[in-house]
Amino acid sequence: MECKILIGGEAGQGIQTVSNILSKYFFRIGYYVFTVESYQSRIRGGHNYSLLRISDRPIYAIDDDKIDILIALNLETIKLHIPEVKREGYILCDENINTEDFPKEDRIIKIPVRRITQELKSRLVENTIFCGALLALSRGDMEEMKRVISEGFKEEYFEINLRALEEGYKHTLNLGKSCGKFPKRNRGKRLLVNGAEAVGFGAIVAGCKFLASYPMTPGTAVMNFIAEHELDFDIVVEQAEDEIAAINMAIGAFFAGARSMVTTSGGGFALMVEGLSLSGMTETPVVIHIGQRPGPATGLPTRTEQGDLNFVVHAGHGEFARYITAPRDQKDAFYKTIKAFELAEKYQIPSIILTDQYLIDSKAVIEGLIPPSEIKSYRTKGNADYLRHRITEDGISPFAIPGESEALVITDSDEHDEEGHITEDLEIRKKMVEKRMKKKELLLKEIEEPLFFGVDNPEFVFIGWGSTYGVIREGIERLINEGYPIGHLHFSDVYPIAKESLEKFKGRKLYTIEQNYQGQFAALLRKETGINVERGVVKYNGFPFYVEEIIKGVKEIMG
């Protein structure tokens, strides 16, 4: 059983409110939900929409199947999306919307939204009326929807929204129309989360105590989530005056003993690059979350892309180790954020969490998260003989917190000796570079091998990374069911590169599927492994992949 619902209108019309209520409701009654958001970079106006895919089986992406229900908050939404509505589907709109351009359209259900709001003396309940209408069409559970409404509004607004829900339900039920029944199911211990919540929750579990950021879409969503919970978990959230200040604050806080992070997007990270090198030179950990969006410059602030991989891998002057993870889904984002904090402190390096607008804003139903039983600290207690940058066999110096012991903790952004004082001794310089670069080899032992899904001995292997996992997986699965001899290899840890799994397919036809023009990951794999990986299916218009686009692209490559 599946259903697709699109809620469309202008920015400021409460599209997100309807989406949140409906996704939470269907999740509560035991269904899998996957949502994507399409919005423009303006406060009001412009066409925005939220698309929900609801199913009784696990789903990981949005497909190209037509829409079952279109909730149109304005006329433009009908004009734009009516071709996408199934013949047996429905279009819900206010009775005041002029639909004379569609005189023979029997799928339109007009609801007296304005009239109901006048009776209730509040226009703030318009969207709740549509929720009631949808509930009637799906023969839904009114009591569960009431609970969702009660949690979504302040107590003083609950009663009027409840009346609006009932009015929308009653009017639509009397029409005798239905889009099928969605009986209540057991949802087990599953969770409904978006990527921002997953990254933010992971940071909290990992022991983050300080976040500095200058707001930049889509990374700001992580900052907002942590800020909402800062008092609950004793976290300091600082909106810095700019990105340069933000990363330097976070580095300073980590140096002083607080696990810290920044969150930004590509343009903000561009300003942080000098700070990135400062982290590398001083061997001070920092965690950086980058929510990718199409660039260059301001680009498309509210759209999605995987265009920053080259930049992130090579950012910073000089040579130093770094860990880069690109979570494949919301569940992975939680665990990889914890891992980013752990590796940052363990190896005294910058860790980068590379997401994108698609992952950050999309909601998905996932199996319950299990936090680690212990968050290990890699700090040490210094003594009178302490050397912050002691040259050790494995390249990892003891990491003490200033003021916690008799140790004098010294570092410098210039090249320094073992104690941390500036030096121009070229032999010491050589040893320090070698010490810092040893960490890259150690990191390789921590890197997760990519996931593989496919037939035994595939002729073609399609390689993805980051948030495209779900849509590639669904596309490849359909093709395998059609008899195609293919596989899907998906990377979540993207730097350094894990080589073992890739080596198994050496000599096969290897292609990447990426949301950028150049096929950046294909080039990185060739450079790092020497294995011939070609640019395959690409998309770079700001919209995420749909399943059918993956299928079409793969078939074209295979001939």
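Conventions used here
- Residues numbered from 1 in each chain as written.
- Predicted model: local features only at pLDDT ≥ 70, side-chain atom pairs only at ≥ 80, totals over all residues.
- Heavy atoms only, no water.
- Salt bridge = Lys/Arg side-chain N within 4 Å of Asp/Glu carboxyl O.
- Pairing = 2+ DSSP bridges.
- Helix = DSSP H or I, 4+ residues; strand = E, 2+ residues; numbered from the N terminus.
- Axes fitted to C-alpha atoms, helices over the stretch in contact; angles between N-to-C directions.
- Contact = heavy atoms within 4.5 Å.
- Polar contact = N/O pair within 3.5 Å; in protein donor to acceptor, adjacent residues only side chain to side chain.
- Expected span 1.5 Å × (residues − 1).
- Buried < 20%, exposed > 50% of the residue type's maximum accessible area, 1.4 Å probe, protein only.
- Parallel < 35°, antiparallel > 145°, perpendicular 65-115°, else oblique.
- Left-handed = near helix turned anticlockwise from the far one by under 90°.
- Nonpolar A, V, L, I, M, F, W, Y, C, P; charged D, E, K, R; others polar.
- Core = buried A, V, L, I, M, F, W, Y, C linked by side-chain atoms within 4.5 Å.
- Arc of directions from axis to C-beta.

**Student:** Can you break down the pattern of salt bridges residue by residue, with the values?
**Tutor:** For the structure shown, the criterion picks out 44 salt bridges. Residue Arg123 is joined to Glu126 by a salt bridge in which the shortest nitrogen-to-oxygen separation is 3.1 Å. Among the ionic contacts, a cluster of salt bridges with common partners joins Glu2, Lys4, Arg53, Arg57, Asp63, Glu474, Arg478 and Glu548.

**Student:** Can you break down the sheet that holds strand β6 (residues 108–111) residue by residue, with the values?
**Tutor:** With respect to topology, 8 strands assemble into an open sheet ordered β6-β5-β4-β1-β3-β2-β14-β7, the strand pairing being mixed. Each edge of the open sheet is held by one strand with a lone partner, namely β6 and β7 (191–194). Each adjacent strand pair in this sheet contributes to an overall mean axis angle of 20°, direction not counted. With 4 bridges joining them, strand β1 (residues 2–11) and strand β4 (residues 67–72) adopt parallel strand pairing. Within β4, the residue paired with Leu6 across the bridge is Leu70. Strands β7 and β14 (363–366) of the sheet are contacted by helix α12 (residues 330–347), whose axis makes an angle of about 80° with β14.

**Student:** With reference to specific residues and values, describe the environment of Thr423.
**Tutor:** Relative to the helices and strands, Thr423 is located in the loop between β14 and α14 (426–444). Excluding anything up to four places from it in sequence, Thr423 contacts Glu415, His416, Asp417 and Ile428. Polar contacts involving the side chain of Thr423 include one to the main-chain amide nitrogen of Asp425, which spans 3.0 Å.

**Student:** Which residues make up helix α1 (residues 15–28), and what are the values?
**Tutor:** Between its terminal C-alpha atoms α1 stretches 20 Å, which fits the 20 Å expected from 14 residues at 1.5 Å a residue. Judged by how many residues are buried, α1 sits mostly within the fold: 10 of 14 residues are covered. Listing the buried residues of α1 in full gives Ile15, Val18, Ser19, Ile21, Leu22, Ser23, Tyr25, Phe26, Phe27 and Arg28. Of the residues one or two after α1, Gly30 is the one with positive phi, at around 100°.

**Student:** Report on the packing of α1 against helix α5 (residues 142–152), specifying residues and quantitative values.
**Tutor:** It is at 10 Å that the axes of α1 and α5 come closest, and there the two elements cross at 135°. Taken together, the axes of α1 and α5 are oblique relative to one another. For the pair α1 and α5, the sense of crossing is right-handed. The residues of α5 that touch α1, namely those facing Ile21, Leu22, Lys24, Tyr25 and Arg28, are Glu144, Met145, Val148, Ile149 and Glu151. Of the residues that constitute the contact of α1 with α5, the class distribution is 6 nonpolar, no polar and 4 charged.

**Student:** I'd like to hear about the nonpolar core, residue by residue, with values.
**Tutor:** Counting 83 residues, the largest nonpolar core has Ile5, Ile7, Leu22, Phe26, Ile71, Leu92 and Val554 as its most contacted members. With 8 residues, helix α4 (residues 126–137) is the single largest residue contributor to this core. Excluding residues that lie within four positions of it along the chain, Leu92 makes contacts with Ile69, Leu70, Ile71, Ala72, Ile109, Ile111, Phe130, Ala133, Leu134 and Leu137. Counting 43 residues, the second-largest nonpolar core is a separate cluster that includes Val286, Val313, Phe491 and Leu524.

**Student:** So, helix α3 (residues 113–120): which residues are in play, and what are the values?
**Tutor:** Burial in α3 covers these residues: Val113, Ile116, Thr117 and Leu120. Summarising the axial view, the buried residues of α3 lie within an arc of 100°, below the 170-degree limit, and thus occupy one face. Its buried side turned inward, α3 meets β5 (85–94), β6, α4 and α6 (155–173). Immediately beyond the C-terminal end of α3, within one or two residues, lies Lys121, with a positive phi of roughly 60°.

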